[in-house]
Amino acid sequence: MSFERARESLSDTRFAELRSVDETGSTNADMRGLLGESTKRQPIVLLADHQSAGRGRLDRGWEAPPGSSILMTIGLPMDDIPVESRTLLTMALSLAMNEAIRKAGIDAVSIKWPNDLVVTDEASGSSSSRGYRKVAGVLAEAVGLDGVDYAIVGIGLNVNWDDMPVELADMATSLSQIAGERIDRDELVSAALRDLDSRWLPMLETDPAGLVSAYLPQCSTIGRPVRIAIGDTTRSGTAVSVTETGALVLDENGDLIEMTAGDITHLRFDG
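Residues numbered from 1 in each chain as written. Predicted model: local features only at pLDDT ≥ 70, side-chain atom pairs only at ≥ 80, totals over all residues. Heavy atoms only, no water.

**Some thoughts on the sheet that holds strand S5 (residues 116-120)**
Right, so step 1: Pairing is mixed across the open sheet formed by 7 strands, whose spatial order is S1-S2-S3-S7-S6-S5-S4. Of all strands in the sheet, those with a lone pairing partner are strand S1 (18-24) and strand S4 (110-112), marking the two edges. Across the sheet, the axes of successive neighbouring strands diverge by a mean angle of 25°, strand direction being ignored.
Right, so step 2: Judged from the 10 bridges that link them, strand S6 (residues 132-145) and strand S7 (residues 148-158) form a sheet pairing that is antiparallel. Paired with Ala142 across the bridge in S7 is Ala151.
Right, so step 3: Against the sheet, helix H2 (residues 27-37) makes contact with S1, strand S2 (44-51), strand S3 (69-77), S6 and S7, and its axis sits at roughly 145° relative to S2, the strand it touches most.
Right, so step 4: Each of S3, S4, S5, S6 and S7 is contacted by helix H3 (residues 89-103), which is oriented at about 35° to S7, the strand it contacts most. (Pairing = 2+ DSSP bridges. Helix = DSSP H or I, 4+ residues; strand = E, 2+ residues; numbered from the N terminus. Axes fitted to C-alpha atoms, helices over the stretch in contact; angles between N-to-C directions. Contact = heavy atoms within 4.5 Å.)

Laid out in structure tokens, this is it:
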């Protein structure tokens, strides 16, 4: 069974209830049902080898060959997370997964605000139209069930892709393509969730400023020119920091503007 070793390694953590399926439409959609059926107020983790209706930010599709990726959703009670810090939950998962990737010997991956994992052209020594290639995306939503507030947080991570489809080659890559070898999915899941359990969630609960401080050096958006689209509005400037609630601070011709959402594009340093 897929992810059996990860399940065993997490038995002493808050993520002990780890389930896996061969195929589903969407692990995020399935999680609503699992949380509604559960009689315990505890986290549930669901992993799939393949999903046919996965969605990313802005309702974009996300589909991967069977067995090639980590397609994981966490259903997490938010009782212990201060309301003002809940916007940092996807940041915590991105940090946990990026640290797991580093433990696997891959240092080229960084975080594109707010929570995508990418390989920039500078890190890969290659050239792409966007200046980076995406490795993973994180998507979260809040739901209330029987008086309990839950976060449903999903991540899709390209792990062992033999070849990237032609239509995606300029915008996406996988860990195996970066490393030149196959990567153990169980070890990534185990390392990320153990770190999330012992380090990032406790920090989110008690020290959100510390979490943001740890995030900034891993965020390749900081310090570079960017363009952010929100509906019909576009803002451009230099990304200079992130606030304690996760907003991106944009220097737009000397004016500091906090951006809480938007479709962000990294611009080249030469303009």
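Text resumes after the structure shown.
**Section: the packing of H3 against helix H7 (residues 208-215)**
Right, so step 1: H7 packs onto H3 with a crossing angle of 50° between their chain directions and a minimal axis gap of 11 Å. By the angle class used here, H3 and H7 are oblique. For the crossing formed where H3 meets H7, the hand is left-handed. Of H7, the residues touching H3 (which contributes Met91, Ala92 and Leu95) are Leu211, Val212, Ala214 and Tyr215.
Right, so step 2: For the contact of H3 with H7, a count of residues per class yields 7 nonpolar, no polar and no charged. (Parallel < 35°, antiparallel > 145°, perpendicular 65-115°, else oblique. Left-handed = near helix turned anticlockwise from the far one by under 90°. Nonpolar A, V, L, I, M, F, W, Y, C, P; charged D, E, K, R; others polar.)

**Some words on the confidence of the model for the protein chain**
Right, so step 1: With 94% of its residues at a pLDDT of 70 or more, the protein chain shows a mean pLDDT of 92.
Right, so step 2: Model confidence for the protein chain, summarised as mean pLDDT per element, is weakest for helix H4 (residues 121-124) at 90 and strongest for S4 at 98. (pLDDT = per-residue confidence, 0-100.)

**Observations concerning H2**
Right, so step 1: Burial in H2 covers these residues: Thr27, Asn28, Met31, Leu34 and Leu35. One face of H2 carries all of its buried residues, which in axial projection span an arc of 105°.
Right, so step 2: The inward-facing, buried residues of H2 contact S1, S2, S3, S6 and S7.
Right, so step 3: The N-terminus of H2 is capped by Ser26, whose side-chain oxygen sits 3.3 Å from the backbone nitrogen of Asn28. (Buried < 20%, exposed > 50% of the residue type's maximum accessible area, 1.4 Å probe, protein only. Arc of directions from axis to C-beta. Polar contact = N/O pair within 3.5 Å; in protein donor to acceptor, adjacent residues only side chain to side chain.)

**Some remarks on the pairing of strand S8 (residues 225-230)**
Right, so step 1: Summarising the sheet, S8 and strand S9 (residues 233-242) pair through 6 bridges and their orientation is antiparallel. When the bridges of S9 are listed, Arg227 appears paired with Ser236.
Right, so step 2: Linking two consecutive strands that pair antiparallel, namely S8 and S9, is a turn of 2 residues; a positive phi of about 60° is found at Gly231 within it.
Right, so step 3: Judged from the 4 bridges that link them, S8 and strand S12 (residues 263-266) form a sheet pairing that is antiparallel. Each residue of the ladder has a partner; that of Ile228, found in S12, is Ile264.

**Observations regarding the side chain of Thr243**
Right, so step 1: Checked against the element boundaries, Thr243 lands in the loop between S9 and strand S10 (248-252).
Right, so step 2: Beyond its immediate sequence surroundings of up to four residues, Thr243 is in contact with Val212, Val249 and Glu258.

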